[in-house]
Amino acid sequence: MKKIFALFLCLACLNNSLFAQAPNPTSGEIFLNLKKLNVLGSAMHIAAHPDDENSLLLAYLAKDKLVSTYYLALTRGDGGQNLIGSEQGEYIGIIRTQELLAARRTDGAQQLFTHAYDFGYSKTREETLDFWGKDLILGDVVYLIRKYRPDVLVTRFPPDERAGHGHHNSSAYLAHEAFKISGDPTKYPEQLKTVKVWQPERIVWNTYSRGFQNNAPSDGGSYVEVDLSGYNPILGKSYSEIASSSRSMHKTQGFGSAPNINLRKDFMLHVDGKPAKDDLFDGVDLSWNRVKDSGKLSQLIQQAISDFDLTKPSASVPALVTIHKELEKLDTKDFYVKKKKDEVQQLIQECLGLWFETNPTDYSASPGGKAMVEVKVVNRSATPVTLKGIKMMGASFDSTLNVSLNTFEALQFKKTVAIPKNLPVSQPYWLRKPIKNRKVFQFDDPESVGRPGNAPELETAFTFFIEGSTFIFTSPWKYKSVDPSEGEIYRPFELRPAVTVNLSEQVFVFADQQPKSVDLLLKANESNMKGKITFDMPKGWKIEPAQIDFATKDKYEEKVLNVKVTPPAGDSEGKLKVQVTTDRGTFSNSLRSVEFRHIPTQTLFPPAETELVKLNIENLARKIGYIAGAGDEVPAALRQIGAQVTMLDEKELGKELSVYDAIVVGVRAYNTEDRLGFYQQKLMDYVKNGGTMVVQYATARNGFLSNGLKVENMGPYPFDISRNRVTDETAAIKFLNPSDPLLNKPNKITQKDFEGWIQERGLYFASDYEKNYTPVLASKDPGEEEQKGGLIYTKYGKGIYIYTGISFFRELPAGVPGAYRLFANLISAGK
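Residues numbered from 1 in each chain as written. Predicted model: local features only at pLDDT ≥ 70, side-chain atom pairs only at ≥ 80, totals over all residues. Heavy atoms only, no water.

Engineer: So, the overall build of the protein chain: which residues are in play, and what are the values?
Structural biologist: Within the protein chain one finds 17 helices and 43 strands. A compact globule built from 831 residues should have a C-alpha radius of gyration of about 28 Å, and the protein chain, at 29 Å, falls within 12% of that. Structurally, the protein chain occupies a C-alpha span of about 85 × 70 × 55 Å along its principal axes. Counting only residues that meet the buried cut, the protein chain has 57% of its 831 residues in that class. If you take every contact in the protein chain between residues at least 6 apart in sequence, the share linking residues at least 24 apart comes to 75%. By element, 49% of the accessible surface of the protein chain is carried by carbon and sulfur atoms, the whole surface being about 34,600 Å². (Helix = DSSP H or I, 4+ residues; strand = E, 2+ residues; numbered from the N terminus. Rg over C-alpha atoms; globule rule 2.2 N^0.38 Å. Buried < 20%, exposed > 50% of the residue type's maximum accessible area, 1.4 Å probe, protein only. Contact = heavy atoms within 4.5 Å. Areas by Shrake-Rupley, 256 points an atom, 1.4 Å probe, with all protein chains shown as cover.)

Written out as structure tokens, the structure reads:
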């Protein structure tokens with residue numbers, strides 16, 4: 001009982017999300033937004049991942065040039081590492097999506113995505129485009145260029161081997177290919193139902209030399225020099241300061257940065273289109289001349305800018321209403337007219353300080369259920385405003401009011417509304433279907449391409465009468481609460497399945513035919529739920545009982561249930577799937593909340609299932625000490641093969657270590673854990689006295705020593721950490737010495753053990769180890785030299801020290817049988 005609650009509570013509570021609502025813009029920010037009304041240009045920055053972007057360039061474009069600025073990241077960073085938790089795959093992608101959105105709120109750009117899933121490091125463009133499907137992702141880029149009409153495309157990488165990563169290379173290549181065809185109506189003609197063809201003026205590469213040094217290009221070609229070291233007196237910040245705050249949002253990647261207040265110039269190397277001579281937007285008319293009959297409108301906007309009073313933004317509302325009326329006289333189908341109408345309406349709200357919210361009194365409900373909401377509207381200016389009506393879209397409420405809003409007098413009321421049964425649960429749209437071959441996301445609505453998140457299913461439309469005109473503002477429902485130490489906290493309102501079931505482990509490993517107890521956590525997300533739980537089992541597996549009846553009374557009530565699972569005699573793999581049948585419908589979802597202090601709570605509803613693995617495995621290491629690193633699920637995997645795992649914090653490291661059969665160090669621990677610098681000698685003495693130490697990969701950065709580590713040497717003898725890796729998860733494995741003990745005791749490792757691996761073979765392999773260490777395996781990516789540093793070991797005194805770059809942190813949670821057998825050999829090496 002204690003174990004299962006520890007598992008689920010850590011997901012839901014440990015890293016409590018303390019995400020405050022974005023504050024109302026300052027008068028200076030409102031003034032910049034007002035000036036932006038007279039700028040009709042845009043730029044799109046294109047790269048592959050979260051944190052690839054040049055945040056300084058984005059801040060400069062959005063807040064100095066005042067053009068509409070977009071960052072198109074082809075992926076959500078799903079294949080990246082995680083320095084602050086154990087989330088991997090689509091879960092780290094969820095976090096990094098939110099980190100990007102936080103970065104964009106800081107630097108003023110807008111965030112876009114494609115179908116592409118970050119499947120991990122790729123060494124070539126050819127492999128990347130083969131996995132993603134060139135036509136699909138190219139079509140996405142073309143669609144987004146047509147939809148947002150950038151005048152200039154800026155790539156972060158070159159379309160060749162200098163980009164390093166195959167994803168980086170591909171981002172530049174696809175950007176250039178899209179530039180060439182986005183204006184051609186014969187290319188992707190199905191898109192023209194919702195967008196029009198568009199030809200950007202030019203595409204440039206935001207060049208860099210080795211180490212991202214911003215030196216002038218030396219390989220020929222025309223380029224434009226852009227001074228990014230400006231200071232914005234209206235905001236009271238330099239663009240470098242804004243960019244460092246934006247960059248520091250990438251906390252999972254350890255990218256916190258300080259502003260560079262020195263001179264900073266970037267160079268934009270011409271790639272295609274009309275070359276620029278002096279300015280990135282040479283030849284682009286950024287004025288209202290782009291729109292027919294807009295001369296008067298431009299004058300009205302300029303007058304509003306001249307008359308703007310920083311101490312009284314509401315005085316600009318009459319002028320803004322006039323500007324809005326003038327926009328309605330123009331072609332309302334025109335791209336710029338529609339865009340600027342939205343901007344003017346937003347400015348009216350900002351200048352008035354007009355506040356309107358719909359806050360459910362609980363953070364979730366289920367389709368077909370009910371929710372009590374509190375509506376609050378406040379006019380925080382002296383300008384007369386009338387609230388004409390409120391309509392809750394997606395829910396059953398529509399009311400005509402015609403209430404004058406007195407300054408600072410809140411209009412508020414509570415209402416219980418029905419939630420339609422046909423609304424989907426709040427699963428991210430790109431995860432509603434399985435990730436196709438773990439390479440691309442699948443979603444049906446083509447207009448979802450680019451969207452960072454779901455369109456609101458539940459929102460409220462507020463109709464106001466302001467200065468003789470009617471305006472409708474919409475706002476999504478948001479739950480809010482008060483944290484005693486942090487103040488007011490906002491959280492997305494969730495639509496949940498009426499019942500969810502979580503299983504206690506991601507994978508259950510059976511070394512024999514003895515049954516294992518599997519715990520289930522049933523959670524009722526509505527009150528008075530009852531029904532039955534049934535199971536779908538792989539062939540040959542047995543479960544008892546085959547059905548569990550349940551009844552709950554209270555909303556959020558939880559019940560811990562138990563079943564006994566018995567494996568077949570031979571090796572077998574499959575999934576245990578759970579289904580819940582109730583009078584509210586049939587459900588097969590689990591619930592997983594991703595919560596960190598720097599992002600809003602994200603709740604997902606993946607399938608209620610777990611991996612079942614029956615394999616021939618022996619483990620001789622019964623007591624394991626584990627030093628956690630940047631976060632992984634290896635300890636849970638070790639417990640699955642019969643090990644008793646003790647997490648070695650400072651207190652435990654201070655005790656006698658000889659009680660452990662092996663000590664395992666988690667991924668990147670030598671990059672992130674300061675305490676290793678103080679206990680390294682004790683760990684080496686442990687090995688010298690007969691212990692076995694297994695160190696998982698570290699990287700040569702993020703530390704305070706010149707080698708990027710918390711210690712001078714990770715092992716008893718020196719070796720270096722390279723950036724070498726094998727990205728092909730199917731790459732052939734060579735046994736350098738088939739009789740090596742690590743390949744034979746207690747489990748005989750064969751080629752079959754390297755089947756079914758995911759994402760990669762390994763990363764950050766050891767180098768310069770030959771003098772004192774023995775390599776065990778060799779592998780390589782196509783066309784490359786053989787890599788032998790993925791698994792090395794040495795005898796030191798009476799014990800054994802092992803370093804491995806093999807991606808056990810991915811393979812073990814995925815239930816890869818051979819990874820379990822090989823890891824069992826590593827921790828059993830001293831037996």
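Engineer: Tell me about the packing of aromatic side chains, residues and numbers included.
Structural biologist: Evaluated as defined, the whole model comprises 34 aromatic pairs. Considering the side-chain rings of Tyr773 and Tyr801, the 6.3 Å spacing of their centres and the 65° angle between planes classify their relative orientation as edge-to-face. In this pair, Tyr773 is assigned in the loop between strand E39 (766-767) and strand E40 (774-775) and Tyr801 in strand E43 (residues 799-804), connecting sequence segments 28 residues apart. The burial state of Tyr773 is the same as that of Tyr801; both residues are buried. With a centroid separation of 4.8 Å and 75° between ring planes, the pair formed by Phe808 and Phe823 is classed as edge-to-face. Taken as a pair, Phe808 in helix H16 (residues 808-811) and Phe823 in helix H17 (residues 817-827) lie far apart in primary sequence, 15 residues in all. Taking the relative accessible area as the measure of exposure, Phe823 reaches 1% and is therefore buried. (Phe/Tyr/Trp six-rings, centres within 6.5 Å; stacked < 30°, edge-to-face > 60°.)

Engineer: Go over the packing of helix H6 (residues 134-148) against helix H7 (residues 166-181), please, and point to the residues and values.
Structural biologist: For the pair H6 and H7, the least separation of the axes is 9 Å and the interaxial angle reads 60°. In terms of axis orientation, H6 runs oblique to H7. In this structure, H6 crosses over H7, and the sense of that crossing is right-handed. Each of Lys134, Ile137, Leu138, Val141, Val142, Ile145 and Arg146 in H6 lies in contact with H7, whose residues at this interface are Tyr173, Leu174, Glu177, Ala178, Phe179 and Ile181. In the contact of H6 with H7, the residues fall into 10 nonpolar, no polar and 3 charged. (Axes fitted to C-alpha atoms, helices over the stretch in contact; angles between N-to-C directions. Parallel < 35°, antiparallel > 145°, perpendicular 65-115°, else oblique. Left-handed = near helix turned anticlockwise from the far one by under 90°. Nonpolar A, V, L, I, M, F, W, Y, C, P; charged D, E, K, R; others polar.)

Engineer: Mind laying out the sheet that holds strand E13 (residues 385-393), listing which residues take part and the relevant values?
Structural biologist: Pairing is antiparallel in the open sheet, where 4 strands are placed in the order E14-E13-E16-E17. One side of each edge strand has no neighbouring strand; the edge strands of this open sheet are strand E14 (397-404) and strand E17 (469-476). On average, adjacent strands in this sheet sit at an angle of 15° to one another, irrespective of strand direction. With 6 bridges connecting them, E13 and E14 associate as antiparallel partners. (Pairing = 2+ DSSP bridges.)

Engineer: Describe the confidence of the model for the protein chain, naming the residues involved and giving the relevant values.
Structural biologist: Counting all residues, the mean pLDDT for the protein chain is 93, and 96% of those residues have values of 70 or more. Taken as a whole, residues 1-17 scores under 50 in pLDDT and shows 36 contacts with residues more than four places along the chain or in a different chain. Residue range residues 702-706 is modelled with pLDDT below 50. Its contacts to residues more than four positions away, or to other chains, number 16 contacts. (pLDDT = per-residue confidence, 0-100.)

Engineer: Before we move on, could you go through the pairing of strand E34 (residues 644-647) and cite the residues and values that matter?
Structural biologist: Along any regular strand, the residues point their side chains to alternate faces of the sheet. As judged from the 4 bridges shared by strand E33 (residues 623-627) and E34, these two strands associate in the parallel manner. Of the residues in E34, the one forming a bridge with Gly625 is Thr646. Running through helix H12 (residues 634-640), the crossover from E33 to the neighbouring parallel element E34 is right-handed. (Right-handed = clockwise from strand over helix to strand, strands pointing away.)

Engineer: Could you give me a rundown of the pairing of strand E27 (residues 558-566), with the residues and numbers involved?
Structural biologist: Pairing of strand E23 (residues 516-524) with E27 involves 8 bridges; the strand directions are antiparallel. Paired with Leu521 across the bridge in E27 is Val560. In terms of strand pairing, strand E25 (residues 542-544) meets E27 through 3 bridges, oriented antiparallel. Note that in E27 the partner of Glu544 across the bridge is Lys564.

Engineer: Quick one: what's the story with the pattern of salt bridges, residue by residue and with numbers?
Structural biologist: Applying the stated criterion to the full structure yields 37 salt bridges. When the shortest N-O distance is used, the salt bridge between Lys180 and Glu177 registers 2.9 Å. In this pair, Lys180 and Glu177 are both assigned in helix H7, 3 residues apart and thus about one turn of the helix distant. On the accessibility criterion, Lys180 (43% relative accessible area) is partly exposed. Close ionic contact of Glu201 with Lys274 constitutes a salt bridge, the shortest N to O distance being 3.9 Å. Of the two residues, Glu201 is situated in the loop between H7 and strand E5 (202-206) and Lys274 in the loop between strand E9 (265-273) and helix H9 (295-307); the sequence distance between them amounts to 73 residues. Lys274 sits in the exposed class, given a relative accessible area of 53%. Linked through salt bridges whose partners overlap, the residues forming this network are Glu53, Arg104 and Asp107. (Salt bridge = Lys/Arg side-chain N within 4 Å of Asp/Glu carboxyl O.)

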